[in-house]
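Structure at a glance
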Amino acid sequence: MIEFQLNGESVSIDVDRKMPVLWVLRDILKLTGTKYGCGIAQCGACTIHVDGKAMRSCVLPIANLRNKEVTTIEGLAGEDGLHPVQQAWIDEQVPQCGYCQPGMIMSVVALLAENPDPDDAVIDRSITNICRCGTYPRIRKAIHRAAKST
Ligand code: FES
Ligand code: FES
């Protein structure tokens, strides 16, 4: 049995300890906001937070979550409403198809927690998620907007 906190609630799960976290989230817990893109830690579509750090859940064995605090896109908004990064995404109309955006937002939230006002060079170096629709210019704008409101 593997126990951890998921979006503020206790979870116990009995699966193969090597099962990737992304599979557990999507197929077992039915939290489908976290996306499958490449499955080899390259695209970032599957990004979640583990103890506040951005991690690519497609290559993370579920056993690594034991006693950790996990947040997915479903747990990002608080009681007061959307997270400022989510709001900035709406204000700047960032998404096109939207597929990469949950992972993108999770990566950006983790970046801003470490660096509250990153410049474009830091953003480009730190946010390595891939967007097939090429929304990168709007992503940068939205990060600067969110940085002002956090
Ligand atoms: S699906 Fe995990 S990095 Fe692409
Ligand atoms: S919005 Fe389509 S892949 Fe990023």
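Rules and cut-offs
- Residues numbered from 1 in each chain as written.
- Chains lettered and ligands numbered in written order.
- Predicted model: local features only at pLDDT ≥ 70, side-chain atom pairs only at ≥ 80, totals over all residues.
- Heavy atoms only, no water.
- Patch = residues over 30% accessible without salt bridge, like charges linked within 9 Å, V, L, I, M, F, W, Y side chains within 5 Å.
- Areas by Shrake-Rupley, 256 points an atom, 1.4 Å probe, with all protein chains shown as cover.
- Salt bridge = Lys/Arg side-chain N within 4 Å of Asp/Glu carboxyl O.
- Helix = DSSP H or I, 4+ residues; strand = E, 2+ residues; numbered from the N terminus.
- Axes fitted to C-alpha atoms, helices over the stretch in contact; angles between N-to-C directions.
- Parallel < 35°, antiparallel > 145°, perpendicular 65-115°, else oblique.
- Left-handed = near helix turned anticlockwise from the far one by under 90°.
- Contact = heavy atoms within 4.5 Å.
- Core = buried A, V, L, I, M, F, W, Y, C linked by side-chain atoms within 4.5 Å.
- Buried < 20%, exposed > 50% of the residue type's maximum accessible area, 1.4 Å probe, protein only.
- Nonpolar A, V, L, I, M, F, W, Y, C, P; charged D, E, K, R; others polar.

A contiguous nonpolar patch, built from Trp23, Tyr36 and Tyr99 and spanning about 300 Å² of accessible area, is present on the exposed surface. Along the chain, tyrosine 99 falls in the loop between helix 2 (84–91) and helix 3 (101–114).

Two elements in contact, helix 2 and helix 3, have axes whose closest approach is 9 Å; the angle formed by their N-to-C orientations is 125°. In terms of axis orientation, helix 2 runs oblique to helix 3. Along this stretch, helix 2 crosses helix 3, giving a crossing that reads as right-handed. On helix 3, the residues touching Val85, Gln86 and Trp89 of helix 2 are Gln101, Met104, Ile105, Val108, Val109 and Leu112.

Core analysis: the largest hydrophobic core is formed by 23 residues, its most contacted members being Val85, Trp89 and Ile143. Per-element accounting of this core gives the leading share, seven residues, to helix 3. Residue contacts for valine 85: discarding those within four places in its chain leaves Ile105, Val108, Val109, Leu112 and Ala146. In this structure, Leu6, Val21, Leu60 and Val70 belong to the second largest nonpolar core, which totals 17 residues.

Quick look at the packing of helix 3 against helix 5 (residues 136–149) now. At a closest axis distance of 11 Å, the pairing of helix 3 and helix 5 adopts a crossing angle of 40°. The orientation of helix 3 relative to helix 5 falls into the category oblique. Crossing geometry of helix 3 relative to helix 5 is assigned as right-handed. When helix 3 is examined against helix 5, the residues Met104, Val108 and Leu112 are found in contact with a partner set consisting of Ile139, Ile143, Ala146 and Ala147. Its residues assigned to classes, the contact of helix 3 with helix 5 comprises seven nonpolar, no polar and no charged.

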